[in-house]
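Single-letter residue listing:
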Amino acid sequence: MPATYQNPRYAWRRPEALGRAAAEEAAVVILGGGVVGLTLALDLARRGTASVLLDEDDTVSLGSRAICWAKRTLEIMGRLGLGARFLEKGVLWNQGRVYVQDREAYAFDLLPEQGHEYPAFVNLQQYYAEEWLVEACAATGLVDLRWRNRVTALETRADGALLTVETPDGAYRLHAQWLLACDGARSTAREALGLPFLGQVFRDRFLIADIVMRGDLPAERRFWFDPPFHPGQSVLLHKQPDDLWRIDFQLGWDADPEAEKQPERVRARVAAMLGPAVPFELEWVSVYTFRCRRLERFRHGRILFVGDSAHQVSPFGARGGNGGVQDADNLGWKLAAVLAGEAPEALLDSYDAERIPAAEENILNSTRSTDFITPKNAAALAWRDAVLALSARHALARPLVNSGRLSRPAVLRGSPLNTPGGEDLAAAARRAGRGCAGARPWPAGLAAAASGWKRLHLAGPGR
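Residues numbered from 1 in each chain as written. Predicted model: local features only at pLDDT ≥ 70, side-chain atom pairs only at ≥ 80, totals over all residues. Heavy atoms only, no water.

Colleague: Can you help me understand the sheet that holds strand 19 (residues 311-312) in this one?
Modeller: Strand order in the open sheet formed by eight strands is 6-5-13-14-15-12-16-19, with mixed pairing between adjacent strands. Each end of this open sheet is capped by a strand with a single partner; those strands are strand 6 (103-109) and strand 19. Here strand 13 (residues 221-225) pairs with strand 14 (residues 234-240) via four bridges, running antiparallel. Bridging across to strand 14, W224 finds its partner in V235. Here helix 9 (residues 349-373) sits on the sheet in contact with strand 12 (197-212), strand 13, strand 14, strand 15 (244-250), strand 16 (281-295) and strand 19, set at roughly 120° to strand 16. (Pairing = 2+ DSSP bridges. Helix = DSSP H or I, 4+ residues; strand = E, 2+ residues; numbered from the N terminus. Contact = heavy atoms within 4.5 Å. Axes fitted to C-alpha atoms, helices over the stretch in contact; angles between N-to-C directions.)

Colleague: I would appreciate a short explanation of helix 2 (residues 71-79) in the present structure.
Modeller: An α-helix turns once per 3.6 residues; consequently, residues spaced three or four apart project the same way. Restricting attention to buried positions, one finds in helix 2 the residues T73, L74, I76, M77, G78 and R79. Positive phi appears at G81, one or two residues downstream of helix 2, with a value of about 95°. (Buried < 20%, exposed > 50% of the residue type's maximum accessible area, 1.4 Å probe, protein only.)

Colleague: How should the packing of helix 1 (residues 35-46) against helix 4 (residues 126-140) be read in this particular structure?
Modeller: The relative placement of two packed helices is expressed as an angle between their axes plus a distance between the axes. Running from N to C, helix 1 and helix 4 point in directions that differ by 30°, and their axes come no closer than 9 Å. Regarding the angle of helix 1 to helix 4, the classification is roughly parallel. In the crossing of helix 1 with helix 4, the sense of the turn from one axis to the other is left-handed. Within the contact between the two elements, helix 1 uses V35, L38, T39, A41, L42, A45 and R46 and helix 4 uses Q126, A129, E130, L133, V134, A136, C137 and T140. Class assignment for the residues of the contact of helix 1 with helix 4 results in ten nonpolar, three polar and two charged. (Parallel < 35°, antiparallel > 145°, perpendicular 65-115°, else oblique. Left-handed = near helix turned anticlockwise from the far one by under 90°. Nonpolar A, V, L, I, M, F, W, Y, C, P; charged D, E, K, R; others polar.)

Colleague: Please explain the sheet that holds strand 4 (residues 91-93) as it appears in this structure.
Modeller: With antiparallel pairing, the three strands of this open sheet are ordered in space as 3-7-4. Each end of this open sheet is capped by a strand with a single partner; those strands are strand 3 (68-70) and strand 4. Sheet twist, expressed as the average angle between the axes of neighbouring strands with direction ignored, equals 25°. Each of strand 3 and strand 7 (121-123) touches helix 2; the most contacted strand, strand 3, lies at about 80° to it.

Colleague: Looking at this model, I keep getting lost on the pairing of strand 12. Mind explaining?
Modeller: Each regular strand shows side chains that alternate between the opposite faces of the sheet. Judged from the 13 bridges that link them, strand 12 and strand 16 form a sheet pairing that is antiparallel. Counted as the bridge partner of V201 is R291 from strand 16. Both strand 12 and strand 15 contribute to a ladder of seven bridges, which runs antiparallel. Bridge pairing in strand 15 links I208 to D248.

Colleague: I'm lost on the side chain of N418 in this one. Help?
Modeller: Position of N418 relative to the elements: it lies in the loop between helix 10 (378-391) and helix 11 (425-429). Judged by relative accessible area, which is 18%, N418 ranks as buried. Within polar-contact distance, the side chain of N418 engages the backbone oxygen of L412 at 2.8 Å. (Polar contact = N/O pair within 3.5 Å; in protein donor to acceptor, adjacent residues only side chain to side chain.)

Colleague: I tried to follow the pairing of strand 6 on my own but got confused; where do I start?
Modeller: Direction of pairing for strand 5 (residues 95-100) relative to strand 6: antiparallel, over a ladder of six bridges. Bridging from a neighbouring strand, V98 pairs with Y106 of strand 6. A loop of two residues connects strand 5 with strand 6, the two strands running antiparallel in sequence, and Q101 in this loop sits at a positive phi of about 55°.

Colleague: Before we go on, may I ask you to explain the packing of aromatic side chains in this structure?
Modeller: Two aromatic rings are characterised by how far apart their centres lie and by the angle between their planes. Summed over all chains, the structure comprises 15 aromatic pairs. Ring centres of W224 and F229 lie 5.6 Å apart, and the angle between their planes is 80°; on these two criteria the pair is classed as edge-to-face. W224 gets classed as buried once you look at its relative accessible area, which sits at 11%. Above the plane of the ring of W253 lies R205, whose end atom (NZ or CZ) is 4.3 Å from the centre. (Phe/Tyr/Trp six-rings, centres within 6.5 Å; stacked < 30°, edge-to-face > 60°. Lys NZ or Arg CZ within 6 Å of the ring centre and 35° of its normal.)

Colleague: Just checking my understanding: could you explain the environment of V91 for this structure?
Modeller: Note on placement: V91 falls in strand 4. Exposure remark for V91: the relative accessible area of 13% places this residue in the buried category. Residues V91 and E130 lie 39 residues apart in sequence; the distance between their C-alpha atoms is 17 Å. What V91 contacts, discounting residues up to four positions off in sequence, is F121, V122, N123, A219, K239, Q240 and P241.

Colleague: Just to check I follow, could you spell out helix 8 (residues 320-339) for this structure?
Modeller: For helix 8, spanning 20 residues, the distance from its first C-alpha to its last is 28 Å, which sits close to the expected 28 Å at 1.5 Å a residue. Just downstream of helix 8, G341 is the residue with a positive phi angle, here 75°. (Expected span 1.5 Å × (residues − 1).)

Colleague: Would you explain the environment of R14 in this entry?
Modeller: By the secondary structure assignment, R14 is in the segment before strand 1 (24-31). Take R14: its relative accessible area is 46%, and that puts it in the partly exposed class. A distance of 3.2 Å separates the side chain of R14 from the side chain of D169, its partner in a polar contact.

Right, here's the structure in full:
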């Protein structure tokens, strides 16, 4: 397979604690050097808070993985100093199209207003985001990036967590006053605490194929129900930088994941979609299963779970990576305030109070998407097909079509940080997470110049 991206390899540095009997001390330890852990480390560093980040690998993600970054996530990256890089490298898009069999049913626009600082979405491979976050973290001098450091044991304590960390030169112990578990769906920290997930695993599988293809298709989301090139199933297409295209093929539960990843089988599927005259090359292939579930609580004393270690959703709707980045955005300022003595530890309870409802919203939307894409019985299939047929002629049916309700910021109606007041329209409009009511978009020519003013005067220092 060709490679449009070469993974960097980060140098392993021998920790000073190796060979010592006493445990090393750290105020904040972050498990996991993916996009969520790196975002949280950078957020803390921008606030003057140091951290130790442990990752068992020595590079960024293998394969494009999360690629659709939502407007709210882009605003967070802008605050952290990386927004411009996303815009310069990424594929910007606001529009999408839904197809039924061989015809277009309708098109939609996620951001019809002009003058926004960021588009509805930017498509960018996860490895670019992680590489830039690593560079930014290193530049702060406040993030101790420890590659090839694998946690093999975790002991919870009232004053934090005691970790045993394995390295190429041996093991050492590290005491974290605060442990932030950003170590993904197979979280070591979650396993060590014996925490179960609430939710379900769906009986369906999808194949991801990243292909290198030079074409003039527009930058938009395309979703097919029951197309002639993949009958009875669904297909999704996204454009990425570097002439890379993401295709998701629905496989069904009975598909053999290892067999479906064989290059010859993937090429046959892609060729049936594109036609014999379109040349392409495979770059990355993966098979995934839908999971919609979460931990009962995200805070366990001084251990907090962030991103996929806390909750998992299906990829349709781009709610996984975006939800994780927004977790980090929610937690960073709170932990920094607690460590600086500016807020009591009880402030961290609001992380649970705010991000659990956000995760529930993502899980609900993701579950509904899965049920629509994969009807569970004949009645559900008949209803789905009737909605699709009506959507081509009647706009009123289009909101019922669910090919993945795309990521939006959560409105935190029940947050304990909301000020007291009745739920009249004015109060509801001021709830955390909701856009400024009545605020008009900036004129296009002023948007860039105004962005700094908005962050300073509307968001406050460091926000």
